[in-house]
Amino acid sequence: MADVVTKYTFVNAGNTNGTALGVDNQDITVWQIIVGQPTSGEIVRLYNIQNPVDAATTNLAFQFTMPTFSTTNINPGVYVIDFGPNGLRLGEGGAVQIDAAIGLTVVWSENW
């Protein structure tokens, strides 16, 4: 069994057609999503496809909407979404799509 090589993909600005993770039809696992500049109501989507269309639900593997931050729900400054010890497996390659500049990093690896 080959060693797992962790990869990091940074996306700073909104990207309506997604940013590819891996290559087409490549099995990958997403371990974490780190949001460096959380903003109320912004959306993060992970797709089990390389070329999603803006806000499509086809091949949508995961969607998260940032909560509304306020004086009673303080913005943590950095928001981490952890997919646990098994990660989130995407069998067709993948893509991440965000709708604003939230300083997002995806931690992922190729499956061998």
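If you're wondering where the values come from, they're calculated on a predicted model, not measured in any experiment.

## Describing the packing of aromatic side chains
Then, in step 1: Applying the stated criterion across every chain yields a total of 2 aromatic pairs.
Then, in step 2: Seen in terms of ring centroids, Phe 62 and Phe 83 are 5.0 Å apart; in terms of plane orientation they differ by 80°. Their pairing is edge-to-face. Pair noted here: Phe 62 is in strand β5 (residues 60-65) and Phe 83 is in the loop between β6 (79-82) and β7 (88-90), with a separation of 21 residues, a long-range link.
Then, in step 3: You can call Phe 62 buried: its relative accessible area is 18%.
Then, in step 4: With a relative accessible area of 18%, Phe 83 lands in the buried category.
Then, in step 5: Taken together, a centroid distance of 5.4 Å and an interplanar angle of 35° make the contact between Phe 64 and Tyr 79 tilted.

## Regarding the sheet that holds strand β2 (residues 19-21)
Strand pairing in a sheet is mediated by backbone hydrogen bonds. Such pairs are either parallel or antiparallel.
Then, in step 1: Spatially, β2-β8-β4-β5 is the arrangement adopted by the 4 strands of the open sheet, whose pairing is antiparallel. Each edge of the sheet is formed by a strand with only one pairing partner; in this case those strands are β2 and β5. Neighbour-to-neighbour, the strand axes of the sheet open up by a mean angle of 20°, direction not taken into account.
Then, in step 2: Relative to strand β8 (residues 94-98), β2 runs antiparallel, the two being bridged by 3 bridges. Each residue of the ladder has a partner; that of Leu 21, found in β8, is Gly 94.

## Topic: the nonpolar core
Then, in step 1: Formed by 22 residues in total, the largest nonpolar core has its most connected members in Val 30, Ile 33, Leu 46, Phe 83 and Leu 104.
Then, in step 2: When residues of this core are traced back to their parent elements, those giving at least two are β3 (28-35), β4 (43-47), β7, β8 and β9 (104-110).

## Structural notes on unusual backbone geometry
Then, in step 1: Phi at Asn 25 is positive, roughly 65°, even though this residue is not glycine.
Then, in step 2: Judged by relative accessible area, Asn 25 falls into the exposed class, the value being 51%.
Then, in step 3: Phi is positive for Asn 59, which is not a glycine, with a value near 65°.
Then, in step 4: Its place among the elements puts Asn 59 in the loop between β4 and β5.
Then, in step 5: For Asn 59, a relative accessible area of 37% gives the class partly exposed.

Reading the values: the criteria
- Residues numbered from 1 in each chain as written.
- Predicted model: local features only at pLDDT ≥ 70, side-chain atom pairs only at ≥ 80, totals over all residues.
- Heavy atoms only, no water.
- Phe/Tyr/Trp six-rings, centres within 6.5 Å; stacked < 30°, edge-to-face > 60°.
- Helix = DSSP H or I, 4+ residues; strand = E, 2+ residues; numbered from the N terminus.
- Buried < 20%, exposed > 50% of the residue type's maximum accessible area, 1.4 Å probe, protein only.
- Pairing = 2+ DSSP bridges.
- Axes fitted to C-alpha atoms, helices over the stretch in contact; angles between N-to-C directions.
- Core = buried A, V, L, I, M, F, W, Y, C linked by side-chain atoms within 4.5 Å.

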